[in-house]
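Below, each chain spelled out in residue letters.
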Amino acid sequence: MGEHGVRVVACGVGRTLGGRTVLRDVSLVAEAGEVSAIAGSSGSGKTTLLDTLAGIRLPSAGDVRHDGGRPDAYGLGYVPQDDILHRALPLAHSLRYAAALRGPVVEGVDAAVARTLAALGLTGCAGRRVGALSGGERKRASIAVELLTRPRVLFLDEPTSGLDPAAAAELLAVLRELARAGTTVVLTTHAPADLTRCDRVAFLAPDGRLAYVGHPRAMRAHFGVETEADVYAAVAARGASVDAGREPELILEPEVGALEPELGVGADTVREPGGEPGAEPEAEPKADSTPRRPAAGPGPALRQWAILARRDLELLTRDRLTAAMLIGSPLVIVAMFATLFRPGAFDAFEPSPSGAAMILFWIAFGGFFFGLTYGLLQICVELPIVRRERLTVLRVGPYLAAKFTVLLPILALADLLLLAVLRAMDRLPAESWGVYGSLLVTLLLASTAALALGLLTSAAVTEVGQATLMLPLLCFPQVLFSGAFVPVPRMPAVGHTLSYAMTNRWAFEALGSDLDLSSRWEHSRSVLGPPLLASYGDSFDHLPALGWAVLAGCAVLFVAATAALLTRRCPRAGR
């Protein structure tokens, strides 16, 4: 990519996760301009080692150096197993947002996108939706995101996973071209065929030790097997005994000895087959003389918010599932009102107090349902993208602010439409503009709190299916403990206590206060009105502002919890 790659050196690296040792005393070198593979069986610590080499996670023991210095997360490319592009967007659009977010780009965003697409053979796919690309094209598209900023070292977690042999070979060929152009490439793989296409292999034993480091052509002879696939069985059979208690020897074939790769630090010996142990390596690798570009850190929060809001708005218009939910939710609620309730429930002469209470409850629940459904699918569908962007540039505050910026106006429109339609259908009484303004504030705050709850839930789950299953689990308590079907004063102590945590209760009571439901039919001829309303006690006696304060407080609490959860699930590099 026009610059010399980074020399990555690991010295005695160990990593402990949850009390379990995943890596044990690993020492290796990934040379500039080479493709280095980390192989091993499932659970051997490949991804953990990759993250540690990249500087994304700090080692529990030992050290990792990039050109003799500390790893710089802003100056590297990292491609996880999952796609890191939004599938609903055209490829070029998604890359432009990524480039703008990670900017500034020296040659400009459009030029950087065009240059990257050409380098990966994706120019013809620029206008196609990412979700319509083939598996191999999507893998290359994820690599394209990282090449936008011209990284000197590129880390990839199982890039050929899920690809057919031809697509995997094509992708490895692309990576070798990047290496020849000057980018250091380090990848993990479980595919034996990938190993022969790499310049260097580090094979991990099941206990997290290195079983082999060296050229792939010498690996079969080292283990005394016929194929690369047999290496996995040989290492698994020897288990934790592989090179136990000492550093692995570096095995080189005589004909590739001119490459002279070295272990760098931590090795007892460096030996060629049949040769004598060499001198002990230097304690510290020499730094590359090529100057590094200044790393670009997170940009200004306001700039990030603007970019993310534009991206979210385009996603909203292109994602059919989200668009269907946005349009369908208000229609379902309005249709429900037309089916369940007759006009005139608030008539002073022939009132229907039970119908009026139920209308207000379902209005409150409608606002809750709008917000919850809008938020549930916002984060879980893009969690791999958020996790990758958080490593270097993404701030949680602008990310969440962009969600509210795009979704709140739509929620306000849905809430306004709901009230307008119900008034036109005579399901709500004729009142002043001030009363209806207060109703809209209540409903919008209820939707905002529910949106924040939906975002929190979306950040907590890992896939769309889980978010969908959470919908009824979150809705049922809001229905049962809101005080509409069983008035709060009539609930047992446990239910009464739980009702305080239900946003729907406070929206329902605020709506009743807006329309003065507790005293509306005191002098009417209805024999049902006073006894029924008396069962609600003082539920509708407080000012709507109390409900507003509780709803706003819940929204703030849910947003803060979402930010904390995203910070923990998607940490910055080096944590």
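Residues numbered from 1 in each chain as written. Predicted model: local features only at pLDDT ≥ 70, side-chain atom pairs only at ≥ 80, totals over all residues. Heavy atoms only, no water.

### Brief notes about helix α17 (residues 503-514)
Stated formally: A run of H or I in DSSP counts as a helix once it spans at least four residues, and a run of E counts as a strand once it spans at least two, with each numbered from the N terminus. Multiplying 1.5 Å by the helix residue count minus one yields the expected span of that helix. A 1.4 Å probe rolled over the protein chains alone gives each residue an accessible area, and that area as a share of the maximum for its type sets the label: buried under 20%, exposed over 50%, partly exposed in between. Should any heavy atoms of two residues lie within 4.5 Å, those residues are counted as being in contact.
The first and last C-alpha atoms of α17 sit 17 Å apart over 12 residues, in line with the 16 Å expected at 1.5 Å per residue. When you tally the buried positions in α17, you get 12 out of 12 residues, the bulk of the element. Along α17, the positions that sit buried rather than exposed are Thr503, Asn504, Arg505, Trp506, Ala507, Phe508, Glu509, Ala510, Leu511, Gly512, Ser513 and Asp514. Residues of α17 that are buried make contact with α11 (353-376), α14 (433-460), α15 (464-480), α16 (493-499) and α19 (544-569).

### Regarding the layout of surface pockets
A probe as big as a water molecule, rolled over the atoms, marks out the empty space that is left. The test is simple: In this analysis the probe radius is 1.4 Å and the grid spacing 1 Å, with only protein atoms considered; a cavity is a set of points the probe fits into but cannot get out of, a pocket is an open set with protein on both sides within 12 Å along at least five of seven lines, and lining residues have an atom within 4 Å of a point. Grid points are joined across faces, edges and corners, and a volume is the space filled by probe spheres set on the points. Just so you know the grouping, Ala, Val, Leu, Ile, Met, Phe, Trp, Tyr, Cys and Pro go in nonpolar, Asp, Glu, Lys and Arg go in charged, and all remaining residues, Gly too, go in polar.
Quantified by volume, the largest pocket comes out at close to 540 Å³. As for the largest pocket, its lining consists of 24 residues, and the residues nearest its centre are His86, Arg87, Asp319, Val381 and Glu382. The set of elements that each furnish at least two residues to the lining of the largest pocket consists of α9 (301-318), α10 (320-340), α12 (383-390) and α13 (396-424). Per element, the largest residue contribution to the lining of the largest pocket is four residues, and it comes from α13. In terms of residue class, the lining of the largest pocket is made up of 14 nonpolar, three polar and seven charged.

### Describing helix α8 (residues 228-238)
Residues of α8 that are buried include every one of Glu228, Val231, Tyr232, Ala234 and Val235, and no others. Turning to α8, the residues buried within the fold contact β3 (35-40), β7 (184-189), α6 (192-195), β8 (200-204), β9 (210-214) and α7 (216-223).

### Some points on a nonpolar patch on the surface
Let me state the cut-off plainly: Surface patches are defined over residues having more than 30% relative accessible area and no salt bridge, joining like charges when they lie within 9 Å and nonpolar side chains (Val, Leu, Ile, Met, Phe, Trp, Tyr) when within 5 Å. A 1.4 Å probe and the Shrake-Rupley method give the accessible areas. Residues count as covered only by the protein chains that appear here. For this analysis, a salt bridge means a side-chain nitrogen from Lys or Arg found within 4 Å of a carboxyl oxygen belonging to Asp or Glu.
Taken together, the side chains of Leu321, Val381 and Val464 present a nonpolar region at the surface, about 230 Å² in accessible area. Secondary-structure assignment places Leu321 in helix α10. Judged by its relative accessible area of 48%, Leu321 falls in the partly exposed class.

### What about the sheet that holds strand β2 (residues 20-30)?
To keep things clear, this is the line we draw: Pairing between strands is defined by DSSP: at least two bridges between them are needed. Axes here mean lines fitted to C-alpha atoms, for a helix over just the part in contact, with angles spanning 0 to 180 degrees between N-to-C directions.
Reading across the sheet, the three strands line up as β2-β1-β4 and stay open at both edges, with antiparallel pairing between neighbours. Only two strands of the sheet have a single neighbouring strand rather than two, namely β2 and β4 (61-66). Across this sheet, the average inter-strand angle for adjacent strands is 25 degrees, counted without regard to direction. Relative to β4, strand β1 (residues 8-17) runs antiparallel, the two sharing five bridges.

### As for the packing of helix α2 (residues 91-102) against helix α4 (residues 135-147)
The criterion, for reference: Angle categories: roughly parallel below 35 degrees, roughly antiparallel above 145, roughly perpendicular from 65 to 115, and oblique for all the rest. Handedness of a crossing follows from how the near helix is turned relative to the far one, being left-handed for an anticlockwise turn of less than a right angle and right-handed for a clockwise one.
Relative orientation of the contacting elements α2 and α4 amounts to 30 degrees, with a least axis distance of 9 Å. In terms of their interaxial angle, α2 and α4 are classed as roughly parallel. In this structure, the crossing between α2 and α4 has a hand that is right-handed. Only Ala141, Ala144, Val145 and Glu146 of α4 make contact with α2, whose side of the interface consists of Leu91, Leu95, Ala98 and Arg102. Tallied by class, the residues present in the contact of α2 with α4 amount to six nonpolar, no polar and two charged.

### Some words on the pattern of salt bridges
Oppositely charged side chains are able to pair whenever their charged atoms sit close together. Tallied over the full model, the rule gives 22 salt bridges. One salt bridge connects Glu31 with Arg7, and the closest N-O pair in it is separated by 3.1 Å. Taken as a pair, Glu31 in the loop between β2 and β3 and Arg7 in the segment before β1 lie far apart in primary sequence, 24 residues in all. Overall, Glu31 belongs to the buried group, its relative accessible area being 18%.

### Looking at the pairing of β7
Successive residues of a regular strand alternate their side chains across the two faces of the sheet. Using the following cut-off: By convention, a crossover is right-handed whenever its connection, traced from the first strand over the helix to the second and viewed with the strands pointing away, goes clockwise.
Counting buried positions along β7 gives six out of six residues, so the element sits mostly inside the fold. Side chains of β7 alternate between two faces, with Thr184, Val186 and Thr188 and Val185, Leu187 and Thr189 buried alike. Direction of pairing for β3 relative to β7: parallel, over a ladder of five bridges. Bridged to Ala37 within β7 is Leu187. Regarding the hand of the β-α-β motif, the stretch spanning strand β6 (residues 153-157), helix α5 (residues 165-180) and β7 is right-handed.

### Observations concerning the packing of aromatic side chains
As a reminder, the rule being used: Each pair of aromatic rings taken from Phe, Tyr and Trp, with Trp reduced to its six-membered ring, is defined by centres within 6.5 Å and is described as stacked if the planes are under 30 degrees apart, edge-to-face if over 60, and tilted in the remaining cases.
Going through the model one piece at a time under the given rule, you end up with 15 aromatic pairs. Consider the rings of Phe361 and Trp362, whose centres lie 4.7 Å apart with planes at 70 degrees: the pair is edge-to-face. Like Trp362, Phe361 is buried. Considering the side-chain rings of Phe361 and Phe508, the 6.3 Å spacing of their centres and the 80 degrees angle between planes classify their relative orientation as edge-to-face. In this pair, Phe361 is assigned in helix α11 and Phe508 in helix α17, connecting sequence segments 147 residues apart.

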